[in-house]
Amino acid sequence: MNKKIISIITPCFNEQAGIVECYLKVKQIFNVHLSQYGYEHIFCDNASTDNTVELLKALAINDKHIKIIVNSRNFGILKNTFNGVLSSQGDAVLLFLPVDMQDPPDLIPDFVKKWEEGYEIVYGIRAQREEPFYLKTLRKIYYRILSKFTYVDYPVDVGDFQLVDRCVLNAMKKYEDAQPFMRLMTFDCGFKSAGIPYTWKSRKYGKSQNNLIQMFNQGLNGIVSFSGIPLRVALIGGFILAGISLLYAVAVFLTVLFGASHSQSGIPTIIVALFFFGGVLLFFLGVLGEYILAIYNQVRKKPLVVERERINFDQKN
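Everything quoted here is computed from the prediction, not taken from an experiment. Sequence order as written defines residue numbering, which begins from 1 separately in each chain. Local features in this predicted model are restricted to residues of pLDDT 70 or higher, and side-chain atom pairs are both shown and tallied only at a pLDDT of 80 or more, whereas totals for entire chains, interfaces and linings draw on every residue. Hydrogens and water molecules were not included; the side-chain quantities draw on all heavy atoms of the structure.

K.L.:
Whenever I open this one, the overall build of the protein chain confuses me. Can you help?
P.N.:
From N to C terminus, the protein chain includes ten helices and eight strands. With 317 residues in all, the protein chain has 44% of them scored as buried. In this analysis, two residues are considered to be in contact whenever any of their non-hydrogen atoms come within 4.5 Å of each other. Partitioning the intrachain contacts of the protein chain with sequence separation of at least 6 by distance along the chain shows that 84% fall at a separation of at least 24. Using the Shrake-Rupley algorithm and a 1.4 Å probe, accessible areas are obtained, with residue cover drawn only from the displayed protein chains. Of the roughly 16700 Å² that the protein chain leaves accessible, carbon and sulfur atoms contribute 62%. Each helix corresponds to a stretch of at least 4 residues labelled H or I by DSSP, and each strand to a stretch of at least 2 residues labelled E; elements are numbered beginning at the N terminus. Between buried and exposed lies partly exposed: a residue is buried under 20% and exposed over 50% of the maximum accessible area for its type, with that area taken using a 1.4 Å probe on protein chains only.

This is the structure we're talking about:
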């Protein structure tokens with residue numbers, strides 16, 4: 001009888017320090033705890049400039065479970081990871097396992113057990129985080145905003161560390177999203193889900209390539225892709241600013257009418273106009289710009305990534 005296959009997706013960019021340890025850890029888990037399953041471990045390299053690709057190729061020579069996608073340039077972690085997910089052939093797919101193993105691979109057997117119980121989406125809940133207080137706080141605030149204001153029924157503190165059934169993956173393949181945001185995409189597909197809490201660990205090797213600007217862009221992408229709330233906030237904000245300006249205009253008119261104004265003639269009117277048009281227009285333009293940018297990226301129909309090469313994809317597991 002053919003074994004069912006589980007796919008593990010690991011994005012890479014300059015991860016030479018931890019790549020072998022990550023590979024060995026996954027291999028040990030399947031040899032010891034999940035020997036009844038076959039597996040493929042897909043490493044998606046985002047044009048690393050260190051020895052990451054060379055190390056992966058050396059591993060792939062002797063282990064056909066290892067599959068490698070090498071991109072022509074760095075396309076960002078979201079596109080890179082989603083491209084690997086779309087390339088997987090497993091009956092179930094772990095959408096994201098970082099090389100630094102901050103999302104612990106030791107949970108994979110627990111995820112698989114839940115999947116065997118009939119859950120099509122098994123997600124990790126980052127109940128605790130080993131990171132600075134300010135980052136931990138910002139992430140918690142963001143996840144709660146994302147959960148409350150998107151139209152998807154999304155549990156808080158959940159990232160891309162999710163095991164999904166093939167039926168979910170097939171649904172995800174129908175999304176033609178220029179900026180894929182998988183952690184919400186899975187829940188947007190529906191299906192039966194279960195969560196497992198864990199501690200998100202501190203990074204073992206080097207520094208994260210995902211800086212604050214990239215995290216901000218990714219977070220904003222999630223809100224724009226799955227919520228219309230920012231547009232409604234802009235609408236309400238515009239009304240509020242307009243109302244304040246009108247109240248100010250009334251106050252100025254009354255002070256002039258009763259001779260209490262000491263301002264030079266015409267100055268109050270200019271101030272009212274500047275506040276009104278400047279505040280409303282800038283607020284609206286900023287919000288609309290994000291949605292227009294998302295539409296612009298979508299209609300261009302660019303490929304997710306451009307690949308330089310693939311290794312071991314012709315091998316069976």
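K.L.:
What is the right way to read helix H1 (residues 19-32) from this model?
P.N.:
Residues spaced three or four apart along an α-helix point in a common direction, a consequence of the helix completing one turn every 3.6 residues. With 14 residues, H1 extends 20 Å from end C-alpha to end C-alpha; this agrees with the ideal 20 Å at 1.5 Å per step. Of all the residues in H1, the buried ones are Ile-19, Cys-22, Tyr-23, Val-26, Ile-29 and Phe-30. Mapping the buried residues of H1 onto a view down its axis gives an arc of 130 degrees, with all of them on the same face. Opposite the packed face of H1, turned more than 90 degrees from it, sit the exposed residues Asn-31 and Val-32. Summarising the contacts, the buried residues of H1 are in contact with strand S1 (5-12), strand S2 (38-45), helix H2 (52-62), strand S3 (66-71) and helix H4 (108-116). Take the number of residues in a helix, subtract one, and multiply by 1.5 Å to get its expected span. Working definition: the arc comes from the directions between the helix axis and the C-beta atoms, pointing outward to the latter.

K.L.:
Help me out: how do you make sense of the sheet that holds strand S6 (residues 158-165) in this one?
P.N.:
Strand pairing in a sheet relies on backbone hydrogen bonds, with the paired strands running either antiparallel or parallel. Pairing in this open sheet of eight strands is mixed, and the strands run S7-S5-S6-S4-S1-S2-S3-S8 from one edge to the other. Each edge of the open sheet carries a strand with a single partner, namely strand S7 (193-200) and strand S8 (307-311). In this sheet, neighbouring strand axes are inclined to one another by 20 degrees on average, regardless of whether the strands run parallel or antiparallel. Here the rule is simple: two strands pair whenever DSSP picks up at least two bridges between them. Here strand S4 (residues 92-94) runs beside S6; their pairing, made up of three bridges, is antiparallel. Directly across from Leu-94, in S6, lies its bridge partner Leu-163. Note on geometry: axes are lines fitted to C-alpha atoms, helical ones only across the stretch in contact, with angles between N-to-C directions running from 0 to 180 degrees.

K.L.:
In this structure, what is going on with the pairing of S2? I would like to understand it.
P.N.:
A regular strand places its side chains on the two faces of the sheet in alternate fashion. Most of S2 sits inside the fold, with eight of its eight residues counted as buried. Judged by which residues are buried, S2 turns out to be covered on both faces: Gly-38, Glu-40, Ile-42 and Cys-44 on one side and Tyr-39, His-41, Phe-43 and Asp-45 on the other are all buried. Where S1 and S2 come together, eight bridges link them in parallel fashion. Residue Thr-10 lies in a different strand from S2, and its bridge partner there is Phe-43. The handedness of a crossover follows from its direction of travel: if, with the strands pointing away from the viewer, the path from the first strand over the helix to the second runs clockwise, the crossover is right-handed. Once you follow S1 into H1 and on to S2, the crossover reads as right-handed. The pairing of S2 with S3 spans five bridges and is parallel. By the bridge assignment for S3, His-41 is matched with Ile-66. After leaving S2, the chain enters H2 and then returns to the sheet as S3, a path that is right-handed.

K.L.:
Even after reading the chapter, I still don't get the packing of aromatic side chains, so can you show me in this structure?
P.N.:
What characterises a pair of aromatic rings is the spacing of the ring centres plus the angle enclosed by the ring planes. Any Phe, Tyr or Trp ring, taking Trp's six-membered ring, that has another such ring centre within 6.5 Å forms a pair; planes under 30 degrees apart are called stacked, those over 60 apart edge-to-face, and the others tilted. Per the stated rule, a full pass over the model turns up six aromatic pairs. Geometrically, the ring pair formed by Phe-30 and Tyr-39 is stacked, given 4.3 Å between the ring centres and 15 degrees between the ring planes. Members of the aromatic cluster, connected to one another through ring pairs, are Phe-111, Phe-161 and Tyr-198. When the ring centre of Phe-75 is taken as reference, the NZ or CZ atom of Arg-73 above it lies at 3.9 Å. In this scheme, Lys NZ or Arg CZ marks a charge over a ring once it lies within 6 Å of the ring centre and within 35 degrees of the ring normal. The ring of Trp-200 carries Arg-129 above its face, with NZ or CZ at 5.1 Å from the centroid.

K.L.:
So what exactly am I meant to see when it comes to the side chain of Asp-100 here?
P.N.:
Within the element layout of this structure, Asp-100 appears in the loop between S4 and H4. Here a polar contact is taken to be a pair of N or O atoms separated by no more than 3.5 Å, where protein atoms must pair a possible hydrogen donor with a possible acceptor and residues adjacent in sequence count only if both atoms sit in side chains. A distance of 3.0 Å separates the side chain of Asp-100 from the backbone nitrogen of Gln-102, its partner in a polar contact.

K.L.:
I would appreciate a short explanation of helix H7 (residues 182-189) in the present structure.
P.N.:
Taking burial as the measure, the eight residues of H7 include seven buried ones, the bulk of the element. Turning to H7, its buried residues are Met-182, Arg-183, Leu-184, Met-185, Thr-186, Phe-187 and Cys-189. Among the residues trailing H7, Gly-190 stands out with phi positive, at a value near 95 degrees.

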